[in-house]
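Geometric and topological summary
Spelled out, the chains give:
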Amino acid sequence: RWLYSKTGVFFRLPTEAEWEYACKAGETQGADPTKLGEYGWYTDNSSDNFQLVMQKKANPWGLFDMLGNLSEWTLDQYDPQSYTTIAKKDPMIQPATRYPKVARGGSYMDPANQLRCTNRIASDPKWNIRDPQIPKSRWWMTDGMFVGFRIVRPARQPSAAEIEQFFTRYLK
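For every chain, the first residue of its written sequence is number 1, and the numbers climb from 1 along that sequence. Given that the model is predicted, a residue must reach a pLDDT of at least 70 before its local features are reported, and side-chain atom pairs must reach 80 or more before they are shown or counted; all residues, however, enter totals for whole chains, interfaces and linings. As a convention, hydrogens and water are excluded, and side-chain values are obtained from all of the structure's heavy atoms.

1. Here we look at helix 5 (residues 160-170)
Those residues of helix 5 that fall on the buried side of the exposure criterion are Ile163, Phe166, Phe167 and Tyr170. Along helix 5, the residues classed as buried sweep out an arc of 95 degrees about the axis, all on the same side. Along helix 5, the residues that are exposed and aim more than 90 degrees away from the buried face are Ala161, Gln165 and Thr168. On its buried face, helix 5 sits against helix 1 (2-7) and strand 1 (71-77). Categorising residues by exposure relies on relative accessible area from a 1.4 Å probe, with only protein chains included: less than 20% of the type maximum marks a residue as buried, more than 50% marks it as exposed, and the intermediate range marks it as partly exposed. Put simply, DSSP marks the helices as runs of H or I at least four residues long and the strands as runs of E at least two long, and each gets a number from the N terminus on. What the arc covers is the set of directions going from the helix axis to the C-beta atoms. Contacts are assigned to residue pairs with any non-hydrogen atoms lying within 4.5 Å of each other.

2. As for the sheet that holds strand 1
Hydrogen bonds between backbone groups are what pair the strands of a sheet, and the pairing can be parallel or antiparallel. For two strands to pair, DSSP has to find at least two bridges joining them. Read from one edge of the open sheet, four strands run 3-2-1-4, paired in mixed fashion. Two strands lie at the open edges of the sheet, namely strand 3 (120-122) and strand 4 (147-148), each paired on one side alone. When strand 1 meets strand 4, the two strands line up parallel, connected through two bridges. Among the inter-strand pairings, Glu72 is bridged to a residue of strand 4, identified as Gly148.

3. Notes on helix 2 (residues 16-24)
Every buried residue belonging to helix 2 is among Glu16, Trp19, Glu20, Ala22, Cys23 and Lys24, and all of these are buried. Once helix 2 finishes, Ala25 follows within two positions and takes phi at roughly 50 degrees, a positive value.

4. A closer look at the packing of aromatic side chains
For Phe, Tyr and Trp, where Trp contributes only its six-membered ring, two rings pair if their centres lie within 6.5 Å, and the inter-plane angle classes them as stacked under 30 degrees, edge-to-face over 60, or tilted in between. For the coordinates displayed, the defined rule picks out nine aromatic pairs. A centroid spacing of 5.1 Å and a plane angle of 85 degrees characterise the contact between Phe10 and Phe166, whose relative ring orientation is edge-to-face. Taken together, the residues Phe10 in the loop between helix 1 and helix 2 and Phe166 in helix 5 connect sequence positions 156 residues apart. Taking the relative accessible area as the measure of exposure, Phe10 reaches 4% and is therefore buried. Between Trp73 and Trp127, the ring centres sit 5.6 Å apart and the planes meet at 65 degrees, which makes this aromatic pair edge-to-face. On the criterion of sequence distance, the pair formed by Trp73 in strand 1 and Trp127 in the loop between strand 3 and strand 4 is long-range, its members being 54 residues apart. When its relative accessible area of 9% is taken as the criterion, Trp127 is described as buried. For a ring to carry a charge above it, either NZ of a lysine or CZ of an arginine must fall within 6 Å of the ring centroid while also lying within 35 degrees of the normal to the ring plane. Lying over the aromatic face of Trp41, Lys56 brings its terminal NZ or CZ to 4.2 Å of the ring centre.

Function-wise, these values are silent; they only describe arrangement.
So, in structure tokens, the structure goes:
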């Protein structure tokens, strides 16, 4: 909402399905696990810190850091059974509560086997516990320092009414 108010252009988080599709970049599984160090930051190569973007190779669609470095928020509500229960025509799990949401891709704090296009974790309210700012900021995530985000700009900009409906529905 803040970015829309500043730019007049609508952006949002990707859905889980969109995020996974972008991560795989037209391939069945995504990055070759034997070449993970060329594409992602994880416990063995990160020096226990997140890294600047674009230091590793991009995926075939030119997207950097889809695996590792920071796990990324998606719009979906977390459901551990989502792959078995989700409807194929609308692969998004509508958010019903603030927690848990889904983070994807693994982070610099994860072992190599967690950096997969299909890796998904449930967000935790503890990620927002410490906030040294006064007044408190809804964006501070001291305990969630391994999570970031990527935004999506729809090919067709929605109408002002559709945008307001989106914000009302998803920004709870």
